[in-house]
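Summary of structural features
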Amino acid sequence: MGPPAPPWSRRPHSSAPAHTPICRADVKAALRNLHANAEFAWYAVCNSKVGGLLFRRLAMHSHHLGETIQVLVSSPEPTVAAFLRSQLLPSDFEVTSVRPGAAFPEMIRNIRPQIAILDRVHERPESAQMEIAMIKEECPDARIIVLSEQSSTTDAEVVEAGVFYYLAGGASPPAELIRVIDAAVASLRSRPRSPTG
């Protein structure tokens, strides 16, 4: 016979479920503490498979509160917006697309998005930085996600302007985008709004 199994691997012989139910309040409190202790921790957690599932569960609970999440996509092409509309429930998310340029400031003021996605920033780093500044001025609580097909040193300036998540390389739109949006929703729900939000 080998050594005895460690205590944490032993399960009681009962009809009770083997797992402990997750309390929504406990999850939200843990997420609040996580975000307060390390802003960049969202990057690591939402990239993990377990973290992605947790954020999706929390996001589903949040959507039941009855508020539609406004998502604004700034892109010269309709691909990302079309992808999101096919993947996100219309009852939970309203996806609006705008081309970079003169229409962007008015769209920000009209929609006041909670999540903003800036596409193809590798092609337009300067305009992306201006868009980030506009979003932060009009919607300080918004979570900004930037997409770049070709990571470069110019992307660093965009990221340093202040974004929630940076996705580079791979296909467009990236498959991870939905999971990142789940993390953004969880982040929005886990911290109080700013006085101007």
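Here, every reference points to the structure presented above.
Predicted model, so just to flag it, every value in this text is computed and none were measured. All chains use their own residue numbering, which begins from 1 and follows the written sequence. Per-residue local features of the predicted model are confined to residues with pLDDT of at least 70, and side-chain atom pairs are confined, for both listing and counting, to 80 or more; whole-chain, interface and lining totals are unaffected and use all residues. With hydrogens and water set aside, each side-chain value is computed from the structure's full complement of heavy atoms.

**A look at the overall build of the chain**
- Comment: elements are numbered from the N terminus, with helices defined as DSSP H or I runs of at least four residues and strands as E runs of at least two. The number of helices and strands found in the chain is eight helices and five strands.
- The N-to-C order of helical and strand elements in the chain reads α-α-α-β-α-β-α-β-α-β-α-β-α.
- Buried residues are those whose accessible area, probed at 1.4 Å on protein chains only, stays under 20% of the maximum for their type, while exposed residues exceed 50% and partly exposed ones sit between those limits. Out of the 197 residues in the chain, the part that is buried amounts to 41%.
- Here a residue-residue contact requires only that any non-hydrogen atoms of the pair lie within 4.5 Å. Residue pairs at least 24 apart in sequence account for 70% of intrachain contacts in the chain once pairs closer than 6 positions are excluded.
- Total accessible area on the chain stands at roughly 11,200 Å², and carbon and sulfur atoms take up 56% of it. Computed with the Shrake-Rupley method and a 1.4 Å probe, the accessible areas treat only the protein chains shown as cover for residues.

**Section: the pattern of salt bridges**
- Here, a salt bridge means any Lys or Arg side-chain nitrogen found within 4 Å of an Asp or Glu carboxyl oxygen. What the rule picks out here adds up to five salt bridges.
- Put simply, Glu138 and Arg112 hold a salt bridge, and the shortest N to O gap is 3.6 Å. Of the two residues, Glu138 is situated in helix α6 (residues 125–138) and Arg112 in the loop between α5 (103–111) and β3 (115–118); the sequence distance between them amounts to 26 residues.
- Judged by its relative accessible area of 24%, Glu138 falls in the partly exposed class.
- For the salt bridge of Glu123 with Arg120, the shortest nitrogen-to-oxygen distance reads 2.4 Å.
- Via salt bridges that share partners, Arg120, Glu123 and Glu149 belong to a single interconnected network.

**Overview of the packing of helix α4 (residues 79–87) against helix α8 (residues 177–189)**
- Running from N to C, α4 and α8 cross one another at 70°; their axes reach a closest spacing of 11 Å. The orientation of α4 with respect to α8, classified from their angle, is roughly perpendicular. Packed against α4, whose contacting residues are Val80, Phe83, Leu84 and Gln87, the element α8 presents Leu177, Ile178 and Ile181 at the interface.
- Think of it as three bins: nonpolar holds Ala, Val, Leu, Ile, Met, Phe, Trp, Tyr, Cys and Pro, charged holds Asp, Glu, Lys and Arg, and polar takes everything else, Gly as well. Broken down by class, the residue content of the contact of α4 with α8 amounts to six nonpolar, one polar and no charged. Think of each axis as a best-fit line through the C-alpha atoms, taken over the contacting stretch in the case of a helix, with angles from 0 to 180 degrees between the N-to-C directions. Any angle that falls under 35 degrees is termed roughly parallel, while one over 145 is termed roughly antiparallel, one within 65 to 115 roughly perpendicular, and all others oblique.

**Considering the sheet that holds strand β1 (residues 69–74)**
- Note on pairing: DSSP must find at least two bridges between two strands before they are called paired. Pairing in this open sheet of five strands is parallel, and the strands run β2-β1-β3-β4-β5 from one edge to the other. Of all the strands in the sheet, just β2 (93–98) and β5 (165–168) have a single pairing partner and so form its edges. Between one strand axis and the next, the sheet turns through 15° on average, direction left out of account.
- When β1 meets β3, the two strands line up parallel, connected through four bridges. The residue of β3 that forms the bridge with Ser74 is Leu118.

**Considering the environment of Ala161**
- Looking at the element boundaries, Ala161 is found in the loop between α7 (153–160) and β5.
- Taking the relative accessible area as the measure of exposure, Ala161 reaches 31% and is therefore partly exposed.
- A sequence separation of 33 residues divides Ala161 from Ala128, and the C-alpha atoms of the two residues are 9.3 Å apart.
- Those residues in contact with Ala161 that sit more than four places away from it in its chain are Ile132 and Lys136.

**Describing the side chain of Ser187**
- With respect to the helices and strands, the residue Ser187 is situated in helix α8.
- Residue classification places Ser187 among the buried positions, given a relative accessible area of 0%.
- Polar contact is defined as a pair of N or O atoms within 3.5 Å, subject to the rule that within protein one atom must be able to donate a hydrogen and the other to accept it, and that residues adjacent in sequence are counted only when both atoms are side-chain atoms. Side chain to side chain, Ser187 and Arg143 meet in a polar contact 2.9 Å long.

**A look at α8**
- Taking 1.5 Å per residue as the helical rise, α8 with its 13 residues ought to reach 18 Å, and the 19 Å between its terminal C-alpha atoms agrees with that figure.
- Of the residues making up α8, those classed as buried are Leu177, Ile178, Val180, Ile181, Asp182, Ala183, Ala184, Val185, Ala186, Ser187, Leu188 and Arg189. An expected span of 1.5 Å times one less than the residue number is assigned to each helix.

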